[in-house]
Amino acid sequence: MFVYLSRFCEVRYCIARHIGFLVGLGYPAGDRHCLPQTVEQVLPLLQRSLPRGEELERAIALCAAYDSSGFECPNPDAPEESAIIACATHVFLQTSDASRAIVALQQVFGTRLEILNVFLAFVRMAHHWAQIHRELRFEEDINHLLATHEVLANYLLNDPEVEDNALNQRVLLEIAELGQLKEEHKSLAVAYEVVSRENEQLPIERQQRQRVEENLRQSEARLQLALDAAQMGTFVWHIQDERAELDARMLVLFGLPTDSTLTLREALANFVHPDDGTGYAEALARAIDPAGDGALRQEICVVHPDGSVRWLAITGQTFFEIQPRRAVRMSGIAADISDRKLAQLALQRSEARLRAVAANLPNGAVFIVDRELRYQLAAGKALEQAGMTPEDLVDKTIWEALDPELATSYESYFRQALNGEPYSLEHHSHEHDYASHGVPLFDAQGGVEAVLAVSYDITERKLAEVALRESEQRFRLMADAVPQIVWITDAQGRVEFFNKQWSNYTGVTYEPTTAAQVAANFVHPEDGERTMAAFNEARRTGSIFAVEHRIRSAQGAYRWFLVRAEPYRDPQTGEIVRWFGASVDIHDRKQAEATILQREAQFRQLADAMPQQVWITDTQGKTQYVNQQWTTYTGLQGERTAFLKPLLDKDLDEKIG
């Protein structure tokens, strides 16, 4: 509990040192027999948010039902322990639920409640001590711990619960109390002097004067501690004579030397940014209006003499005279909020860019849906194309904005993302087809706070897919109608398609395969290597692939096929992306060619055996054939017998005999 409460101390040395004690660093007080915890055990303690709302109600109810007659400390991480820590934290922070929490703790601790109160006071004192000693720095062991555990360092140095403290309000109360005590002190001093002059015997309560002075000193000390911790400046505005008292830090906030003076009129005229001047003047007028509550809450931009700008948060309280009621004095503080403002501006610019991108997203729309399934953002061209506007959705739940059937179908996907799991789906709505993707959006504590969903109109793509399927179906019908084997491969030779003639011939149903596997498993062993060499050469050069080879049939017999394929190139890049080919059965032609060759050989053998001279020429006289008797008789061979017609025209008998 000590470590958990230390989260709420704005001086991070406190929580860092105590975490170090938990993991075994340093010399902690307490039970020396307790074993150190690991960083993994400590992280859940830092990640535990302060229970509020329904969660706090359950904790209060659990404590209220506790049987304190035989009190024992609950087990670590038990629901009872968590409930006690939750209620004690609200008492420690003095939240609006503190009174109910202390009543619930009374039921738990009974007469031991005073021990808890003393413990909480001790923790407050430890925090106060850390605030006083602002010079404290992390020791070497803590620096090493944070450097080696990034997640732990992030939670220690950026704990969102620290922002929940009411430091500004406490400082303002201290200022108000200080102003009242100063006025009391001045009044007593004047009264003392007057009475002393008129009648030295008039009894003035010396103890009362000393008490006021002591209260004043204590209040000033408390105020200074708070101001130093928050790095705030203070001011007192004496309204009737327009006189202002500013401390040194207040002057620095306006970019002035610490020995300068500054009136409200000068500040409005020369230092408050023109965009904020009118609003600040109106806020001051409302604060000093006797009919109002006297409160001033305003954020302004100030321009330093060197031209730089800073943002200040001004908080003040006006004090009124009663009869007649009029404003006489305003006390207040100013804090530099430039870092926060710059972060807000950056966030606003980022959100503006997001909205601009979302509003102009072509064929798409962007949505943000919170945990109540309420649209926080809806924009994009697809929204307009569906006949809707952002106003139809934003600030409405899905059930308020959509028809029940559509809302029900979306709900499961949104809740999936709210549970931390992204989703993707394609769906039809508003006469369009959409592809939607949703991811969880996380808050600073790592919890899912909303869903970011992006939807794209894919109606044209869907229509194109339908057209493509119809085209493919027509191609398959046409390919199956031809008697040849038709096939398609990609650029690497992976087979994408065989028509039914392949299965009819080989007896094998189509399965994904490659050209190399087809050559190895179906092409004749004597033809496979030659086939792949020709295909690879065609792929390399981009030329037509043509080869004749034998393919095994379902009966195990091989038939000759003429294979021819042409490359298809991407219209944009010119790269080959597919090969379209056909295998034509030429077995009968190959057999006829073999028969002709066989008969020609038989003729030559017969002609060479004849005693006569046998020769054949074409119509131009070019020699087609001469037998062995011709060669032996004439002694002419090769090109010398190329043309017989000139010889025959003159006198063939004379030339040859």
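Residues numbered from 1 in each chain as written. Predicted model: local features only at pLDDT ≥ 70, side-chain atom pairs only at ≥ 80, totals over all residues. Heavy atoms only, no water.

Quick notes on the overall build of the chain
Line of reasoning, step 1. From N to C terminus, the chain includes 25 helices and 18 strands.
Line of reasoning, step 2. Among the 657 residues that make up the chain, the fraction classed as buried is 36%.
Line of reasoning, step 3. Looking at the chain alone, contacts between residues at least 24 apart form 48% of all its contacts between residues at least 6 apart.
Line of reasoning, step 4. In the structure as shown, the chain presents an accessible area of about 39300 Å², 53% of it carried by carbon and sulfur atoms. (Helix = DSSP H or I, 4+ residues; strand = E, 2+ residues; numbered from the N terminus. Buried < 20%, exposed > 50% of the residue type's maximum accessible area, 1.4 Å probe, protein only. Contact = heavy atoms within 4.5 Å. Areas by Shrake-Rupley, 256 points an atom, 1.4 Å probe, with all protein chains shown as cover.)

Considering the sheet that holds strand 11 (residues 485-490)
Line of reasoning, step 1. The 6 strands are arranged 13-12-11-16-15-14 in an open sheet whose pairing can be described as antiparallel. In this open sheet, the two edge strands, each paired with only one partner strand, are strand 13 (513-514) and strand 14 (545-552).
Line of reasoning, step 2. In terms of strand pairing, strand 11 meets strand 12 (residues 494-498) through 3 bridges, oriented antiparallel. The residue bridging Trp487 from the neighbouring strand is Phe498, located in strand 12.
Line of reasoning, step 3. Packing against the sheet, helix 22 (residues 525-541) makes contact with strand 11, strand 14, strand 15 (558-569) and strand 16 (576-585), and its axis sits at approximately 155 degrees to strand 14.
Line of reasoning, step 4. Where helix 23 (residues 587-609) meets the sheet, its contacts fall on strand 14, strand 15 and strand 16, and the angle it forms with strand 15 comes to roughly 125 degrees. (Pairing = 2+ DSSP bridges. Axes fitted to C-alpha atoms, helices over the stretch in contact; angles between N-to-C directions.)

Focus on helix 14 (residues 274-287)
Line of reasoning, step 1. The end-to-end C-alpha separation of helix 14 is 20 Å, in line with the 20 Å expected for 14 residues at 1.5 Å each.
Line of reasoning, step 2. Listed in full, the buried residues belonging to helix 14 are Gly277, Tyr280, Ala283, Leu284 and Ala287. For helix 14, the arc enclosing every buried residue in end-on projection is 140 degrees, short of the 170-degree limit, so these residues lie on one face. The exposed set on the far side of helix 14, more than 90 degrees from its buried face, consists of Asp275, Thr278 and Arg286.
Line of reasoning, step 3. Elements in contact with the buried residues of helix 14: strand 1 (232-238), helix 13 (264-271), strand 3 (295-303), strand 4 (309-321) and strand 5 (326-336). (Expected span 1.5 Å × (residues − 1). Arc of directions from axis to C-beta.)

A few points about the pairing of strand 2 (residues 243-246)
Line of reasoning, step 1. Note that strand 1 and strand 2 share 4 bridges and pair antiparallel. Its bridge partner lying in strand 2, Trp237 is registered against Ala244.
Line of reasoning, step 2. Connecting strand 1 to the antiparallel partner strand 2 that follows it, the hairpin turn spans 4 residues, and Glu242 within it adopts a positive phi of roughly 50 degrees.

Considerations on the pairing of strand 16
Line of reasoning, step 1. Pairing analysis gives 6 bridges linking strand 11 to strand 16, with the strands arranged antiparallel. From the neighbouring strand, Ile485 faces strand 16, where its bridge partner is Ser583.
Line of reasoning, step 2. By the bridge criterion, 9 bridges tie strand 15 to strand 16 in an arrangement that is antiparallel. What sits directly across from Glu566, in strand 16, is Phe580.
Line of reasoning, step 3. Between strand 15 and strand 16, which pair antiparallel and follow one another directly, the connecting turn spans 6 residues, one of which, Gly574, has a positive phi of 80 degrees.

Regarding the side chain of Asn627
Line of reasoning, step 1. Within the element layout of this structure, Asn627 appears in the loop between strand 18 (623-626) and helix 24 (628-634).
Line of reasoning, step 2. Within polar-contact distance, the side chain of Asn627 engages the backbone oxygen of Ala607 at 3.1 Å. (Polar contact = N/O pair within 3.5 Å; in protein donor to acceptor, adjacent residues only side chain to side chain.)

Quick notes on the sheet that holds strand 7 (residues 375-379)
Line of reasoning, step 1. Pairing within the open sheet is antiparallel, and its 5 strands lie in the order 7-6-10-9-8. Since the sheet does not close on itself, it has two edges, and those belong to strand 7 and strand 8 (423-429), each with one partner. The mean angle between the axes of side-by-side strands here comes to 20 degrees, regardless of whether they run parallel or antiparallel.
Line of reasoning, step 2. This element, helix 18 (residues 404-418), spans strand 6 (364-370), strand 7, strand 8, strand 9 (432-442) and strand 10 (448-457) of the sheet and lies at about 170 degrees to strand 8.

Some remarks on the environment of Pro611
Line of reasoning, step 1. Within the secondary structure layout, Pro611 lies in the loop between helix 23 and strand 17 (615-617).
Line of reasoning, step 2. Linking Pro611 and Asn627, residues 16 residues apart in sequence, is a C-alpha distance of 9.8 Å.

Focus on the pattern of salt bridges
Line of reasoning, step 1. Within this structure, the stated rule accounts for 30 salt bridges.
Line of reasoning, step 2. Close ionic contact of Glu537 with Arg540 constitutes a salt bridge, the shortest N to O distance being 2.7 Å. In this pair, Glu537 and Arg540 both sit in helix 22, 3 residues apart, roughly one turn of the helix.
Line of reasoning, step 3. On the accessibility criterion, Glu537 (38% relative accessible area) is partly exposed.
Line of reasoning, step 4. Overall, the relative accessible area of 62% leaves Arg540 in the exposed class.
Line of reasoning, step 5. Among the salt bridges present, the one from Glu548 reaches Lys590, with a minimum N-O distance of 3.2 Å. Here Glu548, found in strand 14, pairs with Lys590, found in helix 23; they are 42 residues apart in sequence, far enough to count as distant.
Line of reasoning, step 6. For Glu548, a relative accessible area of 24% gives the class partly exposed.
Line of reasoning, step 7. Here the residues in one salt-bridge network are Glu426, Arg461, Lys462 and Glu465, joined through shared partners. (Salt bridge = Lys/Arg side-chain N within 4 Å of Asp/Glu carboxyl O.)

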